[in-house]
Number of protein chains: 2
Amino acid sequence: MEITSLTNTKIKQWAKYKEKKYRDADQKFLIEGEHLLQEAHTAGLIECILVEQGKNIPYEQYPVYYVTREILKKLTDSVSGSWVMAVCHFPEQQALTSDKIIILDGVQDPGNLGTILRTALSFSYQTILLSKNSVDVYNEKVIRSTQGALFHLNIIRTELLTAIEELKEKGYKIYGTSLHEAIPLSQVHPKKRHALIMGNEGKGVREEILCQTDQNVYIEMDTFESLNVAVAAAICMYTFKNK
Amino acid sequence: MEITSLTNTKIKQWAKYKEKKYRDADQKFLIEGEHLLQEAHTAGLIECILVEQGKNIPYEQYPVYYVTREILKKLTDSVSGSWVMAVCHFPEQQALTSDKIIILDGVQDPGNLGTILRTALSFSYQTILLSKNSVDVYNEKVIRSTQGALFHLNIIRTELLTAIEELKEKGYKIYGTSLHEAIPLSQVHPKKRHALIMGNEGKGVREEILCQTDQNVYIEMDTFESLNVAVAAAICMYTFKNK
């Protein structure tokens, strides 16, 4: 089917998915590019595909709309753009099953969240808990920087204090990251079943959460600088893995 | 002194510093925001300061220009903008003195370079060698993501193969990062005086460089994913530090 009008009802509806409130309302989001399309297909999340007129895509099982370049531009904020996009539905949330969990308390930057998700998948942190004030995981920039890792993770937006209590009851050991009253990361001997908490870019992990953890750790640095949160998360995940 | 015209000669000249070729020609670059101003002041790099009309700044030792918001907007690509900017001159390049060196072979993303510089400072990699095709260190986005670390590092853009040869003669051990013919990072016992090479986002470190190293290492992951280069650099730097 062809769509050439920027004011087509479907296009207007999909364009709304650039905003979180409409994504949440319909439980749908947009992706772009062949790589993400492949990943979303594997994860079984595709509802329909939008392809630039004159191009082809080998996914005949989905409804395909042939659209103009202007329509594709309307649906994305990325500068480069792509000739293919898809409307996806949110994955079903699974129960907490992985041994290793990342908890993010107020991470705000889409690039940081995306990078953390990508790293988490590499180190088998397959469940991610996000505080309600964290950036939305279906934000266009987050999706782009996860490089598809998003589709292989169980991501849950939740009230962290309650979630941490539940994790403790299930036998998880909870590690916070903090510059105060913490032990050096290299001295930690992590329990296999654990959750690691990373905080907001400026403020770190909230005090009320840090005092609920089993242990807080800091990354040893030579100069008193702060590390980017995605960098700090990666250092912790790799170090925990090799202990 | 006040400047209100967007076509003022000085403003037109400074606006050119948004492009690398003009920065290189005049050996000057722009910064914005109070934090970076403070860092550039400490490093002795400020030539003059631009302040939005009606605001004040406590740096009387420098020429200060009071300018309109439109002028500040013209000089930056950042969305948020700032009420204060400065024109700085390039720092003098120092000889290689630090024990630990980061070599970047074709890193393209400004955010990645900025993050690597910030991490490098935290872990005492005070000298950075950049291949000629790497993103420019005085790129606005790089400066923003270094959070000022830029001003505390010795950054040298150079021909890497020649530089690596010189480093070896000076007794540095050279570590490359690669997924092939490499040993696990956790098994490396790094020499104190060393250089660590990170590569391009898509292609990694060039083959002709990898075959000049003393040892190549890889980061052990659970799933076959690739890590963001700034994340990989951080994991290597932290692990090398704690060996």
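Per an unreviewed UniProt entry, chain A is named TrmH family RNA methyltransferase, and its organism is Longicatena caecimuris. Check the Sequence similarities (unreviewed entry) section of the UniProt entry for chain A; it says "Belongs to the class IV-like SAM-binding methyltransferase superfamily. RNA methyltransferase TrmH family."

S.K.: When you look at the sheet that holds strand β1 (residues 2-3) of chain B in this model, what are you seeing that I'm missing?
M.R.: Think of a sheet as strands paired side by side through backbone hydrogen bonds, with each pair either parallel or antiparallel. All names here are of chain B. On the basis of which strands lie adjacent, the open sheet formed by five strands has the order β1-β4-β3-β5-β2 and mixed pairing. Edge positions in the sheet fall to β1 and β2 (28-32), since each of these pairs with one other strand and no more. Pairing geometry for strand β3 (residues 46-52) and strand β4 (residues 64-67), over four bridges, is parallel. Paired with Glu 52 across the strands is Val 67, a residue of β4. Along the sheet face, helix α3 (residues 34-42) touches β2, β3 and β5 (84-89) and points at about 30 degrees away from the line of β5.

S.K.: Can you help me understand the interface of chain A and chain B in this one?
M.R.: How big an interface is tends to be reported as the loss of accessible area on association of its parts. Each partner contributes to the interface: chain A provides 27 residues, whereas chain B provides 27 residues. Both faces considered, chain A and chain B share a buried interface measuring about 2,400 Å² in area, 53% of it formed by carbon and sulfur atoms. Summed over the shared surface of chain A and chain B, the number is two salt bridges. Put simply, Lys241(A) and Asp222(B) hold a salt bridge, and the shortest N to O gap is 2.8 Å. Where the side of chain A that touches chain B is concerned, the elements lending two or more residues are α5 (110-122) and α9 (229-241) of chain A. Among the elements that line the side of chain A that touches chain B, the one with the most residues is α9(A), at seven residues.

Cut-offs applied
Counting restarts for each chain, with residues numbered from 1 along the sequence as it is written. Written order decides the labels, with chains lettered from A and ligands numbered from 1. This being a predicted model, a pLDDT of at least 70 is required before a residue's local features are given, and a value of 80 or more before pairs of side-chain atoms are given or counted; all residues contribute to the totals for chains, interfaces and linings. Just so you know, side-chain values use all the structure's heavy atoms and leave hydrogens and water out. UniProt positions are given in the numbering used here, feature names are shortened, and annotations may be inferred rather than shown by experiment. Two strands pair under a simple rule: DSSP has to find at least two bridges between them. In DSSP terms, a helix is any run of H or I states spanning at least four residues, a strand is any run of E spanning at least two, and both are numbered starting from the N terminus. It only takes one pair of heavy atoms within 4.5 Å for two residues to be counted as in contact. Note on geometry: axes are C-alpha line fits, over the in-contact stretch for helices, and angles between N-to-C directions span 0 to 180 degrees. The term buried area refers to how much accessible surface (probe radius 1.4 Å) is lost by two components on association, counted for both of them together. For this document, the term salt bridge refers to a Lys or Arg side-chain nitrogen within 4 Å of an Asp or Glu carboxyl oxygen.

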